[in-house]
Amino acid sequence: MAVNFVDYDVLNEGKTLYANQAGAIDDVINAIIRMNGQLQEGWSNETARAFVQRIDSDHIPKLRNAAAAIQEVSDYINTYLANKQSEDSQGASAISG
């Protein structure tokens, strides 16, 4: 028979870690956007425009997708945790002493 064990503390840690990492990527995105603004002020030619445009059109969307994917993992763990806790509490209430 398969063992069905859920450590709620580990799930909470995982949910929080994934959410924090998604937030960290958001922080990276914001730092890059700020830096690009500074670059545009201090580096003004066709190469600079192409560089910043490439970051904005190619790299930033990929980073946003990564953050969203990692947040999705956190959301999944959170939903699983809530459902499992609900199942467990319903099972526990069926036991009468």
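Just above sits the structure.
Summary of the structure given here. Just so it is clear, the structure is predicted and the values come from calculations on it, not from any experiment.

Counting residues in each nonpolar core, the largest one holds 5 residues, listed as Ile25, Ile29, Ile55, Ile60 and Ala67. The element that contributes the greatest number of residues to this core is helix α2 (residues 46–93), accounting for 3 residues. Setting aside its immediate chain neighbours within four residues, Ile25 contacts Leu63, Ala66, Ala67 and Ile70.

Looking now at the pattern of salt bridges. Evaluated as defined, the whole model comprises 4 salt bridges. In this structure, the salt-bridge partner of Asp58 is Arg54, at a minimum N-O distance of 3.4 Å. Placement of the pair is Asp58 and Arg54 together in helix α2, with a separation of 4 residues, close to one helical turn. Taking the shortest distance from any N to any O, the salt bridge between Lys84 and Glu87 comes out at 3.8 Å. Taken together, the positions of Lys84 and Glu87, both in helix α2 and 3 residues apart, correspond to about one turn of that helix. When its relative accessible area of 49% is taken as the criterion, Glu87 is described as partly exposed. One salt-bridge network, in which partners are shared between bridges, spans Arg54, Asp58 and Lys62.

What counts as what
Note that residues are indexed from 1 along each chain, following the sequence as it is written. Restriction of local features to residues with pLDDT of at least 70 applies here, the model being predicted, together with a cutoff of 80 or more for giving and counting side-chain atom pairs; totals for whole chains, interfaces and linings are based on all residues. Only hydrogens and water are set aside when side-chain values are computed; all heavy atoms of the structure are taken into account. Nine residue types can take part in a nonpolar core, namely buried Ala, Val, Leu, Ile, Met, Phe, Trp, Tyr and Cys, and a core is a set of them joined through side-chain atoms within 4.5 Å. The buried label goes to any residue with under 20% of its type's maximum accessible area, the exposed label to any with over 50%, and the partly exposed label to all in between, with areas taken from a 1.4 Å probe on protein chains only. Secondary structure elements are defined from DSSP: runs of H or I of at least 4 residues count as helices, runs of E of at least 2 residues count as strands, and each element is numbered from the N terminus. Contacts are residue-level and defined by heavy atoms, with any inter-residue pair within 4.5 Å sufficient. Here, a salt bridge means any side-chain nitrogen of Lys or Arg that lies within 4 Å of a carboxyl oxygen of Asp or Glu.

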